[in-house]
Amino acid sequence: MKKLLFSILCASPSLLFAQGSQVNTQGVRALGMAGAGSALFTDETSIFYNPGGLAKMDHNAVSAGISTVMYRSAFKESGSNQVYNTRSQVTPPFSVFATFGPDNARWKAGLGVYTPYGGAVDWGDSWPGKYELNHLKLRAIYIQPTISYKLTDNLSVGAGFVYNIGMVDLARSLPLFLTDGSSAHAKLTGTGTGIGYNVGAHYNFDNNVAISLSYRSKVVTKLKKGDAEFTVPDAVAASFPDTKFSAELPLPASLNLGLSVPVSDKVDIVADGTFIQYNIYKKLVFDYADNTPLLQDTEQIKNYKNAFSGKVGVNYKANEKLAVRAGVGYVKTPVDKDYVYAETPDNDRIMGALGLSYAINDKFSLHAAYVLQKLKERTVTSPVTQIEGAYKTNIHAPSISFTYKW
Amino acid sequence: MKRFQKNIKLYIGFAALALAASCKPSIDIDTKGGNPENVDFSKYIAVGNSLTSGYANSGLSLKGQEQSFPNMLAQEMKKVGGGEFLQPYFPAENYNGSGFLYLKALVNGQPQLGTVTDHLAIRGQTEDKKPLYIKYTGPINNLGVPGMRLDMAFAPGIGTTKGNPYFERLLPDNAPATTTYVDFATTKDHTFFSFSLGNNDVLGYATNGAVTTDATNTLISEQTFTVRYTEFITKLTSKEQKGVVATIPDVTAVPYFTTVTRQALLAGANAALLAQNPTATPFKDIYIKTKTAPFRAATDKDMFILPFSSAGLLGRQDLKDPATGIVNPAPYGLHPANPVGDNFVLDEAEAKMVQDRIVALNTTIKQVADSKKLAVADIYSFLNKVKSGYQINGIAISNKYITGNIFSLDGVHLTPMGYAIMANVFVDAINAKYSTKLGKVNVSQYGGVALP
């Protein structure tokens, strides 16, 4: 009895970024067509969609947009008659784009500040998978100075440099119990940075059919000196020192091909296909500055597969002031069935979108879009907790932006 | 138009609400066609002992009652046609009920236990100074009585102040002294039942080191068990009611018998010895008294009971011999002249006998269940599986004391998490027998041993 070892085996907290939950809301115009339209719109949002298209702008503009991305996920453990929903979480992705360039010049410069990846899920602390995750809030902010040049009247190219600031806030329960009966938990917060680039070319034929080709490099975001805080019983506090952690997150490279075809004076049909090189995301290693027998570094296997998305849309210019649009899309998930984690209960998704643009006057215009994404129900076994259950997710994203041009 | 503008915030609010509501994805819960045998959960009663009552940490508290496994089961039954499930709760202000053990501190990894003594539900004392608890005589579905044995369930007087205080508190003051537990339990007009009696008929004997001092620690014979078990179950199924019965866990599965080992005792004694005198010869043996030998060296197959450690007797040289009343100067348990008392040890032969008895009784349980078309929640197999340890919902569970998450501080009864996992053994058994779609309990909602 004197030698009764008080060792509690519990896996250390682990961190994962919600890569699969990518929701692109950078350009509210393209968003109205489910994200298609990189070939059609040559405006300030080209900084994101295709830096090559930027030089085709015949004016300068600044725009600011905000979205309300509402994730709602549901989980039902196999054999249970209880469905657990994530608490309503709103992540407000935002985007600011500005262009600079003299009139009639062959070049144009721009700056974009936007949030390409982000998500928030809050499962709370009473759902079956709480020892995997309570909540995760993630945001990546890209700052991208961009330059674009018109090689000919039809062909323009562009490139941008990406500086990424990534922020994470994650909590999970630990299987240790306080005297009030609640479970212990770990909370991890941190900020990291990474760099990358974005290049593209835009070509329009004389009949106004346009092609957009762009490539976005991977951005490896390195989190250093994140804060790991533990709420644990005093008796084991020495084993869970508040410490620092580091982790590395690769955001994937993607190649996008867009096409726009005018079918009448008023109607354009657009299509975009994106190949996303998610397979660089093999694992997530989580390194604590201070290790104890109970607090060990972790390694989570991700084995993401490359993914593909396809979107088509139609843009209708109703009159001088108003354009309305709609689109649909399909995204093949990068997340393999055996590696579905609670923070990204991803699956193949379909999306539908509606949008409009309204020119208030010569200078100001307003854009609005609404996207609904439905992720197919997926029954998986958690690689962390081994709990088998079904996930289902809906994502609603209404967005609005204002553009001022001169 | 003005009105519209005035109310625009309201409209936007409604629109946002509608949007948020439609946001919610739904996953179908398919319980249709899930009850081909028309199992009627509308009035479920739980018949049993301490495990049924929610007893933990050597006591029964309001919180323990709330987290009893039959209550968890009843909440799941409600989703598939079950009714209200009433429990004999202690009053809110007397929430600590009988009082119970808690973990005060860990000193060098050693658990230091304390006893909760406030907010008790004690209303008085019996003649022999045992507590009487605040009564609850309203209608109840959880009939679990800590200490109840199968043989005792048929004995008159158990419901009086001279009997079992947990049964006594459930009976009105004017109840006849002849009221038996079996009559009490089989007159509730139930439609479904769980039955888990029989543990104390064996474990009461084993936990006292196989020493019988009174009716609570006798060892039931196979014959008596079969007769009583059949009789009780026959009464519970007199209207063809369906139900589930539990098997009896093995003694080697519970930390009460497996935590204090010979080697741990020796290591502790030698550490203390060498701290005093670094050149002393270490102790090599623990001596025990058995039914057949006045003393012998203990082996690793002899099981010391958990309270032996906290009693702090090992090595003491000031203890009086219980027979003679004279102080025995030989170090207790470390010298053949002063062996550890029989009641602290379930020695190899006793353990074997108890284990064989449990196997035999479980065979009876399964036979009776089979003949009455009842489901069997095999707690014996479940706790044997726990013994080797496994992961559930990301939590490591085992039969290790405190760290195993399953057993409460008394080493026999379960933690809320342990009861939740046990509830799922019942769920699985009921579903397997009757093809019902009773839902699983969410184990993650319940905790293990609370640490200071």
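Residues numbered from 1 in each chain as written. Chains lettered and ligands numbered in written order. Predicted model: local features only at pLDDT ≥ 70, side-chain atom pairs only at ≥ 80, totals over all residues. Heavy atoms only, no water.

## A few points about the pairing of strand β7 (residues 135-150) of chain A
Residues and elements named next belong to chain A.
- For β7 and strand β8 (residues 155-177), the ladder comprises 14 bridges, and the chain directions are antiparallel. Considered in β8, the bridge of I147 is made with A159.
- If you look at the hairpin formed by β7 and β8, you'll find 4 residues sitting between the two strands. (Pairing = 2+ DSSP bridges. Helix = DSSP H or I, 4+ residues; strand = E, 2+ residues; numbered from the N terminus.)

## Overview of the domain arrangement of chain B
All names here are of chain B.
- According to the domain assignment, chain B consists of domain 1 (44-252 + 349-445) and domain 2 (262-299 + 303-346).
- With 16 residues of domain 1 at the contact, the number on the domain 2 side is 8 residues.
- A combined buried area of about 850 Å² lies between domain 1 and domain 2, and 65% of that area is made up of carbon and sulfur atoms.
- One can count 1 salt bridge joining domain 1 with domain 2.
- The salt bridge involving K291 is made with E350; its shortest N-O contact spans 2.6 Å.
- The tally of links between domain 1 and domain 2 comes to 3 residue pairs in polar contact (both at pLDDT 80 or more). (Domains from an automatic or database assignment. Contact = heavy atoms within 4.5 Å. Buried area = accessible area lost by both parts, 1.4 Å probe. Salt bridge = Lys/Arg side-chain N within 4 Å of Asp/Glu carboxyl O. Polar contact = N/O pair within 3.5 Å; in protein donor to acceptor, adjacent residues only side chain to side chain.)

## Here's the deal with the sheet that holds strand β14 (residues 375-377) of chain B
All names here are of chain B.
- Strand order across the open sheet formed by 4 strands is β1-β6-β7-β14, with parallel pairing between neighbours. Only two strands of the sheet have a single neighbouring strand rather than two, namely β1 (44-48) and β14. Along the sheet, successive strands turn relative to each other by an average axial angle of 20°, direction set aside.
- Its contacts with the sheet put helix α9 (residues 222-236) on β1, β6 (192-196) and β7 (242-246), and the angle it makes with β6 is roughly 165°. (Axes fitted to C-alpha atoms, helices over the stretch in contact; angles between N-to-C directions.)

## As for the packing of helix α5 (residues 69-78) of chain B against helix α15 (residues 416-434) of chain B
All names here are of chain B.
- At a closest axis distance of 8 Å, the pairing of α5 and α15 adopts a crossing angle of 50°. As judged from the angle between their axes, α5 and α15 are oblique. Handedness of the α5/α15 crossing: right-handed. Together, F69, M72, L73 and M77 of α5 and P416, Y419, A420, M422, A423, F426, V427 and I430 of α15 make up the contact between the two elements. (Parallel < 35°, antiparallel > 145°, perpendicular 65-115°, else oblique. Left-handed = near helix turned anticlockwise from the far one by under 90°.)

## Some words on the side chain of B:N393
- Relative to the helices and strands, B:N393 resides in the loop between β15 (390-392) and β16 (395-397).
- A polar contact is formed between the side chain of B:N393 and the side chain of B:S444, at a distance of 2.8 Å.

## Concerning the pattern of salt bridges
- Overall, the coordinates contain 31 salt bridges over all chains when judged by the stated rule.
- Between A:R349 and A:D346 there is a salt bridge, and its shortest N-O distance comes to 2.8 Å. The residues A:R349 and A:D346 share a single accessibility class, namely buried.
- For the salt bridge of B:R296 with B:D302, the shortest nitrogen-to-oxygen distance reads 2.9 Å.
- Given the relative accessible area of 3%, B:D302 is considered buried.
- One continuous salt-bridge network, built from bridges that share partners, spans B:R123, B:K135, B:E168 and B:D173. (Buried < 20%, exposed > 50% of the residue type's maximum accessible area, 1.4 Å probe, protein only.)

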